[in-house]
Protein chains: 4
Amino acid sequence: MNTHIARRLGFAALFAVASGGVMATAPVVNTTVTEAEVIAAQQAWGEALVRISQDHEQGGLKKAKATAAAIIDAAYAYQMGPVLFKPTLTQAPQTFRLTREGALAYFVGDDARFPQDTGFALKGWRKVDIQNAGIHIHGDVATTMGKVTLTDRQGQQTTVDKTWQFKKDDAGKLRIVLHHSSLPYAPK
Amino acid sequence: MNTHIARRLGFAALFAVASGGVMATAPVVNTTVTEAEVIAAQQAWGEALVRISQDHEQGGLKKAKATAAAIIDAAYAYQMGPVLFKPTLTQAPQTFRLTREGALAYFVGDDARFPQDTGFALKGWRKVDIQNAGIHIHGDVATTMGKVTLTDRQGQQTTVDKTWQFKKDDAGKLRIVLHHSSLPYAPK
Amino acid sequence: MNTHIARRLGFAALFAVASGGVMATAPVVNTTVTEAEVIAAQQAWGEALVRISQDHEQGGLKKAKATAAAIIDAAYAYQMGPVLFKPTLTQAPQTFRLTREGALAYFVGDDARFPQDTGFALKGWRKVDIQNAGIHIHGDVATTMGKVTLTDRQGQQTTVDKTWQFKKDDAGKLRIVLHHSSLPYAPK
Amino acid sequence: MNTHIARRLGFAALFAVASGGVMATAPVVNTTVTEAEVIAAQQAWGEALVRISQDHEQGGLKKAKATAAAIIDAAYAYQMGPVLFKPTLTQAPQTFRLTREGALAYFVGDDARFPQDTGFALKGWRKVDIQNAGIHIHGDVATTMGKVTLTDRQGQQTTVDKTWQFKKDDAGKLRIVLHHSSLPYAPK
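Small disclaimer: the values here were computed from a predicted structure and weren't measured.

## Points about the overall build of chain A
- Looking only at helices and strands, chain A has two helices and eight strands in total.
- Moving toward the C terminus, one meets the helices and strands of chain A in the order β-β-β-α-β-α-β-β-β-β.
- Taken across its 188 residues, chain A has 62% of its residues classed as buried.
- Residue pairs in contact within chain A that sit at least 24 positions apart in sequence constitute 49% of those at least 6 positions apart.
- Looking at chain A as shown, the accessible area adds up to about 7200 Å², and 56% of this sits on carbon and sulfur atoms.

Below you can see the structure in the form of structure tokens.
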């Protein structure tokens, strides 16, 4: 039985009254997303970015690429089909990375099919802070919008405007189905 | 702003850590159904049935019919379209009551278009006990299945097998979109 | 990429106009249920019931049980958790069959844990006709309510009132998450 | 009965066969989003932007503001709660426009509470072309990501990377619940 199924005990006690009421506790199957799951998935994304940078410094590109591939397979939903991914630093004609290979090339570069990619996750990231402006939860999908600040090992910070959409899969795990990241508008 | 939107304060405190994390509390829009909302909607259905019986005894058929009409408009989703309603005691060719008038006739009778209906809600009900076997929550809809025991003013009890599906509307209120009630199987 | 993902070609042609419009065809990921999928799933349920009866007659209980087990695993959602299943002929205290073994016992009997079960699918069924009163589709779940008429090899017919809820899984397949079946009400 | 409920006729003919099948046509309630509805909502957004510009030129700021207010009320979901809106040209601390007034200020300016806003919709837009990279439909919400090219009356073009999320309301109308627009990344 998968992880998002919980038996709720003692619940009916709130309701069983002399005039009737709901008496039984019952198994509950709930496929909806919770706010806590959304926050945890965002947290995991930040930790994953830092891990790729650290693996790169400690184990080189080969290790970083293996880590990035594993993270993409665990955190994104490419197994469900095209993911709507607009990374921070991509340009036409390769702005959108609907495929797993396009996402991997963005994070670690080293792919001749994506010549503009230098490896966003290889930039020595140490810390990711996420400040949500708002969260929408609609059934098994949730969207967030906010500011994400990345700090590198020199203490340099980069802040981006970021939208994520997560979908809960049959195993109860949130996966990124949409990710739009952009540098803040700066008037000339 | 409607009732199922809540500002969640202090949440980020769980996550803000030196290594980065989610720092902001954010407004949350959540259109999913909760177990507590399902239990409350079931409870309200039972109380409504008792109310119709009491209004009938105290105010006659006219009052009972007015109460039943108000309850159907508040608790069922006929304003969204056909409701999948199979009441306990209906027969072909009027087994299913997809329209508001079909539901009203079932509860209070007195409708020449539904000659078999004698008014299920007029049977002197005093108490409704609901024992859920299980609850499924999928986004803005939830289904329940279980036993419902009705007690009348003589203390006579009737138990039925009941399935309900509730849908949360734009105002955040659960409405019955499906209701299948049946007497338990009794072998000859 | 799973089966419910389709590239839609030539779509934009409908919209591309001199004053602007939507120009691109785009890959579409759609996790919602269609009416055709619901009808096909109902059809498959009826064919499966007939198959169990025929396998029983041709291959005995062992074959019937193997077929029933395979059908339950393919058509129901016990792998997601408890299924809300109220079969036509079950009684308290085993009215609801939330587990796979409870469903299997109902269809083919031969399980000491379910002494009342004689094997509903072993009754020589030849034909299943489904007459929907209505269908509700809400995202990745759909509910149906209607009359189902079963015809056995002697031409005897049994009609039941039936509610099904189907959920589309990650592979794009509909699975039964709720099934309430009951004999029509017959006044004494 | 609202617009997204359709009676489907003749459907069962596909399925009614000698060996049984689904025989009845039935009313269908469907709350899911279709691709055609998404494309039409995008189209309407583009036409609305052009209309505000034209009303500004023909009727001045007062008329433009009235048109923009009407469009926001019809096309966005501020009546449901905070909309996740990151317009193309906004900056901290007013990057995100979760309120109706924040959206109106962005489109037509003239609001002292949003001093950076000059009125994005007042820039003489004549044509909006939308090129979707992909569309995701999950129940009553749909997300799109792609390029949107705006052409002004001098023929000058501006292309942005845009994500929209639409939600179908109880009346069957799509409303924007999330909108993230950003200028393409341009390396220094």
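Anyway, onward from the coordinates.
## Examining the relation of the copies chain B and chain A
- For the pair chain B and chain A, the superposition axis carries a translation of 0.0 Å, the fit reaches an RMSD of 0.0 Å, and the rotation angle comes to 180 degrees. On this basis, the relationship between the two copies can be described by a two-fold rotation axis. Taking C-alpha positions as the reference, the residue of chain B nearest the rotation axis is Gly139 of chain B, at 1.6 Å.
- Looking at chain B, 100% of its interface residues are interface residues in chain A too, so the copies touch through the same face.

## Considerations on the pattern of salt bridges
- Under the criterion given, the structure shown has 48 salt bridges over all chains.
- A salt bridge links Asp110 of chain A to Lys65 of chain A; the nearest nitrogen and oxygen atoms lie 2.6 Å apart. Placement of Asp110 of chain A in the loop between helix H2 (100-108) and strand E5 (125-138) and of Lys65 of chain A in helix H1 (residues 35-75) is noted, with a sequence separation of 45 residues between them.
- Here Asp111 of chain C ties to Arg113 of chain C by a salt bridge, and the two come within 2.7 Å at their closest N and O atoms.
- The buried category is assigned to Asp111 of chain C, whose relative accessible area is 16%.
- Within the structure, one salt-bridge network assembled from shared partners comprises Glu57, Arg126 and Arg153 of chain A.

## Some remarks on the packing of aromatic side chains
- As enumerated under the stated definition, the model contains 40 aromatic pairs over all chains in all.
- When the centroid spacing of 5.8 Å and the interplanar angle of 65 degrees are considered together, the rings of Tyr106 of chain A and Phe107 of chain A count as edge-to-face. When sorted by exposure, Tyr106 of chain A lands in the same class as Phe107 of chain A, which is buried.
- When the ring of Tyr76 of chain C is compared with that of Phe85 of chain C, the centres are 5.5 Å apart and the planes differ by 40 degrees; the resulting orientation is tilted. One exposure class covers both Tyr76 of chain C and Phe85 of chain C, and it is buried.
- Of the aromatic side chains, those joined through ring pairs into one cluster are Tyr76, Tyr78, Phe85, Tyr106, Phe107, Phe120 and Trp125 of chain A.

## Digging into the environment of Gln165 of chain D
- Looking at where Gln165 of chain D falls in the secondary structure, it is placed in strand E7 (residues 157-168).
- The buried category is assigned to Gln165 of chain D, whose relative accessible area is 1%.
- When the C-alpha positions of Gln165 of chain D and Ile176 of chain D are compared, they lie 5.8 Å apart, and in sequence the two are 11 residues distant.
- Leaving out residues up to four positions away in the same chain, Gln165 of chain D has contacts with His138, Thr143 and Gln165 of chain A together with Val141, Ala142, Thr143, Arg175, Ile176, Val177 and Leu178 of chain D.

## Quick word on helix H1 (residues 35-75) of chain B
- End to end, H1 of chain B covers just 17 Å across 41 residues, shorter than the expected 60 Å (1.5 Å per residue, more than 12% under).
- Maximal helix bending in H1 of chain B amounts to about 145 degrees, located at Gly59 of chain B.

## What about the interface of chain B and chain A?
- Taken together, the contact between chain B and chain A spans 38 residues of the former and 39 residues of the latter.
- For the pair chain B and chain A, the summed buried area comes to about 3300 Å², and 58% of that belongs to carbon and sulfur atoms.
- A per-residue breakdown of the area chain B buries against chain A is headed by Val22, Glu35 and Gln43 of chain B, which together make up 16% of the total.
- The interface formed by chain B and chain A includes zero salt bridges.
- One can count 18 residue pairs in polar contact (both at pLDDT 80 or more) joining chain B with chain A.

## Topic: the pairing of strand E7 (residues 157-168) of chain B
All names here are of chain B.
- Of all 12 residues in E7, nine are buried, a share of seventy percent or more.
- Sheet topology note: the strand E6 (residues 141-152)/E7 ladder contains 11 bridges and is antiparallel. Its bridge partner lying in E7, Thr144 is registered against Trp164.
- Linking two consecutive strands that pair antiparallel, namely E6 and E7, is a turn of four residues; a positive phi of about 85 degrees is found at Gly155 within it.
- Where E7 and strand E8 (residues 174-182) come together, eight bridges link them in antiparallel fashion. In the sheet register, Lys167 faces E8, and the bridge partner there is Arg175.
- As consecutive antiparallel partners, E7 and E8 are separated by five residues, and within that stretch Gly172 has a phi angle of approximately 90 degrees, a positive value.

## A few points about the pairing of strand E3 (residues 27-30) of chain B
- Here E3 of chain B shows two buried faces, one formed by Pro27 and Val29 of chain B and the other by Val28 and Asn30 of chain B.
- Across three bridges, the pairing between E5 of chain A and E3 of chain B is parallel. For Ile135 of chain A, the partnering residue across the bridge sits in E3 of chain B and is Val28 of chain B.

## Overview of the side chain of His136 of chain A
- Take His136 of chain A: it is sitting in strand E5.
- We classify His136 of chain A as buried; its relative accessible area is 3%.
- A polar contact is formed between the side chain of His136 of chain A and the backbone oxygen of Pro82 of chain D, at a distance of 2.7 Å.
- If near-sequence neighbours (up to four positions away) are discounted, His136 of chain A is found in contact with Val141, Ala142 and Thr143 of chain A, Val29 of chain B together with Pro82, Val83, Leu84 and Val177 of chain D.

## Focus on unusual backbone geometry
- Here the residue pair Ala92 of chain C and Pro93 of chain C is connected by a cis peptide bond, since its omega of 5 degrees sits within 30 degrees of zero.
- Within the secondary structure, Pro93 of chain C is located in the loop between strand E4 (84-86) and helix H2 (100-108).

## A word on the side chain of Asn132 of chain B
Residues and elements named next belong to chain B.
- Here Asn132 is to be found in strand E5 (residues 125-138).
- Residue class for Asn132 comes out buried when judged on its relative accessible area of 5%.
- A polar atom in the side chain of Asn132 sits 2.8 Å from the side chain of Gln42.

## Concerning the packing of helix H1 (residues 35-75) of chain C against H2 of chain C
All names here are of chain C.
- One way to put it is that H1 packs onto H2 with a least axis distance of 13 Å and a crossing angle of 55 degrees. Comparing the axis directions of H1 and H2 gives the class oblique. Residues Trp45, Leu49, Ile52, Leu61, Ala64, Lys65, Ala68, Ala69, Ile72 and Asp73 of H1 pack against Arg100, Ala103, Leu104, Phe107 and Val108 of H2.

## Some details on the confidence of the model for chain A
Residue and element names in this part refer to chain A.
- Looking at chain A as a whole, its pLDDT mean stands at 90, while 89% of the residues score no less than 70.
- Confidence drops under a pLDDT of 50 for residues 1-18, and excluding neighbours within four residues, the segment shows 46 contacts in the predicted structure.
- Scoring of the predicted complex yields 0.90 for pTM and 0.89 for ipTM.

## Focus on helix H2 (residues 100-108) of chain D
Residue and element names in this part refer to chain D.
- Among the nine residues that make up H2, seven are buried, leaving the element largely enclosed by the rest of the structure.
- Among the residues of H2, those classed as buried are Gly102, Ala103, Leu104, Ala105, Tyr106, Phe107 and Val108.
- Of the residues one or two after H2, Gly109 is the one with positive phi, at around 60 degrees.

## Re the environment of Lys127 of chain C
Residue and element names in this part refer to chain C.
- By the secondary structure assignment, Lys127 is in strand E5 (residues 125-138).
- On the basis of relative accessibility, which here comes to 25%, the residue Lys127 falls in the partly exposed class.
- Once the C-alpha coordinates of Lys127 and Gln157 are considered, the two residues, 30 residues apart in sequence, prove to be 9.2 Å apart.
- Polar side-chain contacts of Lys127 include one of 2.6 Å to the side chain of Asp129.

Conventions we followed
Per chain, the residues get numbers from 1 upward, laid out in the order the sequence is written. Note on labels: chains are lettered from A, ligands numbered from 1, in written order. Where local features are concerned, this predicted model is filtered to residues with pLDDT of at least 70; where side-chain atom pairs are given and counted, the filter is 80 or more; whole-chain, interface and lining totals use all residues. The basis for the side-chain values is all heavy atoms of the structure; hydrogens and waters are excluded. Numbered from the N terminus, helices here are DSSP runs of H or I no shorter than four residues, and strands are runs of E no shorter than two. Think of it in three bands: residues with accessible area under 20% of the maximum for their type are buried, residues over 50% are exposed, and the middle band is partly exposed, with areas taken using a 1.4 Å probe on protein chains only. Note on contacts: a residue pair is in contact if any heavy atoms of the two residues lie within 4.5 Å. Reported accessibility uses the Shrake-Rupley method at a 1.4 Å probe radius. Residues are deemed covered only where the shown protein chains occlude them. Superposition of the copies was done by least squares, using only C-alpha atoms of residues whose pLDDT is at least 70 in both. We define a salt bridge as a contact between a side-chain nitrogen of Lys or Arg and a carboxyl oxygen of Asp or Glu at a distance within 4 Å. The rule is short: rings of Phe, Tyr and Trp, with Trp giving its six-membered ring, pair when the centres are within 6.5 Å, and they are stacked under 30 degrees, edge-to-face over 60, tilted in between. Expected helix span is computed as 1.5 Å times (number of residues minus one). In this analysis the local bend is the angle between axes fitted, respectively, to the seven residues ending at and the seven residues starting at the residue. What counts as buried area is the accessible surface, traced by a 1.4 Å probe, that two parts surrender upon association, with contributions from both included. Under this definition, polar contacts are N or O atom pairs within 3.5 Å; protein pairs additionally need one hydrogen-donor-capable and one acceptor-capable atom, and for neighbouring residues in sequence, both atoms have to be side-chain atoms. When DSSP locates at least two bridges between a pair of strands, those strands are taken to pair. Convention adopted: a line fitted to C-alpha atoms gives each axis, helices being fitted over their contacting stretch, and angles between N-to-C directions are expressed from 0 to 180 degrees. For classification, angles of less than 35 degrees are called roughly parallel, those exceeding 145 degrees roughly antiparallel, those between 65 and 115 degrees roughly perpendicular, and all remaining angles oblique. By definition, pLDDT measures how confident the predictor is in each residue, and it falls between 0 and 100.

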